[in-house]
Number of protein chains: 2
Amino acid sequence: MANAVRYLLVIYIEGGENYPVSPGRLAERLEKSPAATTEMLQRLEADGLVVHEPYEGATLTDDGKETAEELYDTYCTLSQFFRDVLGLEDSEAEAMRMAGSVSPVVAERLAATLLGDTANSEPVATASEAGER
Amino acid sequence: MANAVRYLLVIYIEGGENYPVSPGRLAERLEKSPAATTEMLQRLEADGLVVHEPYEGATLTDDGKETAEELYDTYCTLSQFFRDVLGLEDSEAEAMRMAGSVSPVVAERLAATLLGDTANSEPVATASEAGER
DNA sequence: CTTTTACTTTAGGTATGCCTAAATCAGGTA
DNA sequence: TACCTGATTTAGGCATACCTAAAGTAAAAG
């Protein structure tokens, strides 16, 4: 399931509003074959996370949107952390790869820490801050 | 393969020197059935990462040790980060779960950042440092 | 209106990882 | 030495996630 939700994330990001995202687009973004994409869309539809209109594309259900949003939060948090703290080049790709493997607890604590939650820790310094000195 | 290497990590940690780690022990640590463990040991042996002595247990090959060490580094880095920066309770369990999903680049940059690499960032503050104020 | 073309889906496989139930084995007990 | 017991392995399945090749579809070009 960890891999399956990446499809949701791409649909969420690509879909913008609520127009369907084509299998081809998904396949390209995820670097999978179109066949794998179709299969996954059917699986996700069976799980009630997307609506798959054959030969058209997929849109998120409310459930799917909820799942995607959670993952998107994690993705953004990771991406920011990789970029601003670790100074990684392809922070977004890396974040996309990892988002599904990060537990909610870690994602939450990381987000809080990035926002300067001092209950457990000082805010971490960002790469740009370090560069300004 | 990402899951398979966790077996290596446990063998590495449990095995200490080079005496075999029993399937039962592995199964317990990884919360898998003994049958799954046996199967995985056979798989890992086919990949040249462990030597599996039937009814005895498994020891790492040089290749296996190398892989395990890399993962162990990542595990330690993550564990430290979760404990000292994020202030997580079960930092080790969390680190064990995630170690296999973290790319070498991320692990390396994270380790460097924890050590106070200021090329890209100031050292992150630790929970204990924050608590001392 | 037919045909081409690009995209999608189906069909048939493969690899990974896991499980339960049923053998099998090794070591200690009788 | 024969047996019991606990651990291990094999057998048979199942779910997830991927692939290639072949078939099908829709929409634009002719």
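Residues numbered from 1 in each chain as written. Chains lettered and ligands numbered in written order. Predicted model: local features only at pLDDT ≥ 70, side-chain atom pairs only at ≥ 80, totals over all residues. Heavy atoms only, no water.

Here the focus is the protein's contact with DNA strand C. Taken together, 23 residues lie near DNA strand C, and Thr38, Gln42 and Tyr55 of chain A together with Met1 and Lys32 of chain B sit nearest. In the environment of DNA strand C, a phosphate oxygen lies 3.4 Å from a nitrogen or oxygen atom belonging to the backbone of alanine 2 of chain B. In the environment of DNA strand C, a phosphate oxygen lies 2.7 Å from a nitrogen or oxygen atom belonging to the side chain of lysine 32 of chain B. At the level of secondary structure, the elements contributing two or more residues to the surface near DNA strand C comprise helix H2 (23-30) and helix H3 (34-46) of chain A together with helix H1 (4-15) and helix H3 (34-46) of chain B. Sort the elements by how many residues they give to the surface near DNA strand C and H3 of chain B lands first, with five residues. Looking at the surface near DNA strand C, its residues break down into 13 nonpolar, seven polar and three charged. (Near = heavy atom within 4 Å. Polar contact = N/O pair within 3.5 Å; in protein donor to acceptor, adjacent residues only side chain to side chain. Helix = DSSP H or I, 4+ residues; strand = E, 2+ residues; numbered from the N terminus. Nonpolar A, V, L, I, M, F, W, Y, C, P; charged D, E, K, R; others polar.)

What follows concerns empty space enclosed by the protein. With the rule as written, the count across this model stands at one cavity of 30 Å³ or more. In this structure, the largest cavity occupies an estimated 110 Å³ of space. Taken together, 14 residues form the lining of the largest cavity, with Leu78 and Met98 of chain A together with Leu78, Phe81 and Met98 of chain B sitting closest to its centre. The set of elements that each furnish at least two residues to the lining of the largest cavity consists of helix H4 (62-85) and helix H6 (104-114) of chain A together with helix H4 (62-85) and helix H6 (104-114) of chain B. Within the lining of the largest cavity, the residues separate by chemical class into 14 nonpolar, no polar and no charged. (1 Å grid on protein atoms, 1.4 Å probe; cavity = no way out; pocket = protein on both sides within 12 Å on 5 of 7 lines; lining within 4 Å. Points joined across faces, edges and corners; volume = space filled by probe spheres on them.)

Around DNA strand D sit 23 residues, and of these Met1, Lys32 and Ser33 of chain A together with Thr38 and Gln42 of chain B come closest. Atoms of DNA strand D within 4 Å of the protein belong to the sugar or the phosphate in 77% of instances, the rest to bases. For DNA strand D, a phosphate oxygen lies 2.7 Å from a polar atom in the side chain of lysine 32 of chain A. At 3.4 Å, a side-chain N or O of tyrosine 55 of chain A approaches a sugar or linking oxygen of DNA strand D. Of all elements in the fold, only helix H1 (4-15) and H3 of chain A together with helix H2 (23-30) and H3 of chain B reach the threshold of two or more residues within the surface near DNA strand D. Here the surface near DNA strand D gets five residues from one element, more than from any other, and that element is H3 of chain A. Broken down by class, the residue content of the surface near DNA strand D amounts to 13 nonpolar, seven polar and three charged.

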